[in-house]
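# Remarks on the overall topology
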Amino acid sequence: MKPSRILLITILATAAFYIYSFVALGSGFPTIDSSGQEVVDWFTNNGGKARTYAWTAAFISLGLAIFAGQIAALLPKPHRYIFFAGVLGFAITVQVQAWIWAGLAFHPQGLDPAAARTIFDIAAFWGPLVNGSTMTMAAPVMVLGLGASPLIPRWLTGLSAVFLFEQAIETVTVFGQSGFLAPGGTMNVYLGGVLGFLWVGGLVRWAMQRMDGAALPKT
């Protein structure tokens, strides 16, 4: 099978697991606005949903690792290492956030509401902190499109710049309290998520063309 086909299948499968992780949670899952008792009640009644959400993280991490290795192989030094570090940081953040949710779902009945909310709040801050990883992914790609002899097309340079800029702005959610700017809330999950899907899609399109028709960069 062509490497480009492997990359396409991998990223589609990873996206499917990512989307399914939120579908599995359903509506009404707790947010950083939820009280401690609401957190305990939800995990008591929806433990299976939380563990399914955590289960998907294992496959998302696998897909991200394959994606990172294949894209990094197309980039020159040191850009490939910076990009790979960004994807690795994203994967680790996904795993940590998911295993906290799985842990909360294991024995929620005896949880003190205040303790439950504190633990849940820790997991919610994956949102603003993962922006550091996504910026680390986008920056080396964007840089390759600058200068007189760009290594990536202008459209991907522009898309990378937009994604990088938006993710940098998104870090303000670390100071958010509720609503759109809440940590792990709408800005992180939906706005950042949509732009992230678009950027990854553009990057995969470029990578597939390189794999099918161009030599790898010199090391």
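Located above this text is the structure these notes cover.
Described below are features of the structure shown in this document. Owing to the predicted nature of the structure, the values given are computational and were not obtained by experimental measurement.

Basis of the calculations
- The residue numbers shown here count from 1 along each chain, following its written sequence.
- pLDDT decides what is reported in this predicted model: residues at 70 or higher carry local features, side-chain atom pairs at 80 or more are listed and counted, and totals for whole chains, interfaces and linings draw on all residues regardless.
- Derived side-chain values reflect all non-hydrogen atoms in the structure, with water molecules and hydrogen atoms excluded from consideration.
- A run of H or I in DSSP becomes a helix once it reaches four residues, and a run of E becomes a strand once it reaches two; helices and strands are each numbered from the N terminus.
- For every residue, the accessible area (1.4 Å probe, protein chains only) is compared with the maximum for its type, and the residue is labelled buried under 20%, exposed over 50%, or partly exposed between those bounds.
- Throughout, a residue-residue contact means that at least one pair of heavy atoms, one from each residue, lies within 4.5 Å.
- In summary, the charge assignment counts Lys and Arg as positive and Asp and Glu as negative, without counting His or the chain termini.
- Salt bridge criterion: a side-chain nitrogen from Lys or Arg within 4 Å of a carboxyl oxygen from Asp or Glu.
- We define a polar contact as two N or O atoms separated by no more than 3.5 Å, with the added condition that, inside protein, one atom must be a possible hydrogen donor and the other a possible acceptor, whereas residues neighbouring each other in sequence contribute only through side-chain atom pairs.
- A pair of aromatic rings is counted whenever rings of Phe, Tyr or Trp (Trp by its six-membered ring) have centres within 6.5 Å, and the orientation is called stacked for planes under 30 degrees apart, edge-to-face for over 60 and tilted otherwise.
- Lysine NZ or arginine CZ positioned within 6 Å of the ring centre and within 35 degrees of the ring normal marks a charge as sitting over the ring.

Now for the side chain of serine 61. If you trace the backbone, serine 61 turns up in helix α3 (residues 47-72). Overall, the relative accessible area of 8% leaves serine 61 in the buried class. Not counting residues within four places of it along the chain, the set of residues in contact with serine 61 comprises Ala91 and Gln95.

The next point concerns the side chain of glutamate 170. Structurally, glutamate 170 is set in helix α7 (residues 154-170). The side chain of glutamate 170 sits in the buried core without any salt bridge; arginine 117 is the nearest counter-charge, 20 Å away. Within the structure, glutamate 170 has its side chain in polar contact with the side chain of asparagine 131 (distance 3.2 Å). Not counting chain neighbours up to four residues away, the residues in contact with glutamate 170 comprise Asn131, Met187, Asn188, Leu191 and Gly192.

Here we take up the packing of aromatic side chains. Tallied over the entire structure, the rule returns 15 aromatic pairs. On the basis of an interplanar angle of 75° and a centroid distance of 5.8 Å, the ring pair of tryptophan 42 and tryptophan 101 is categorised as edge-to-face. Of this pair, tryptophan 42 sits in helix α2 (residues 36-45) while tryptophan 101 is found in helix α4 (residues 79-106), placing the two residues 59 residues apart along the sequence. For the pair tryptophan 42 and tryptophan 101, one class covers both residues: buried. Seen from the ring of tryptophan 155, arginine 205 lies directly overhead, with NZ or CZ sitting 5.2 Å from the centre.

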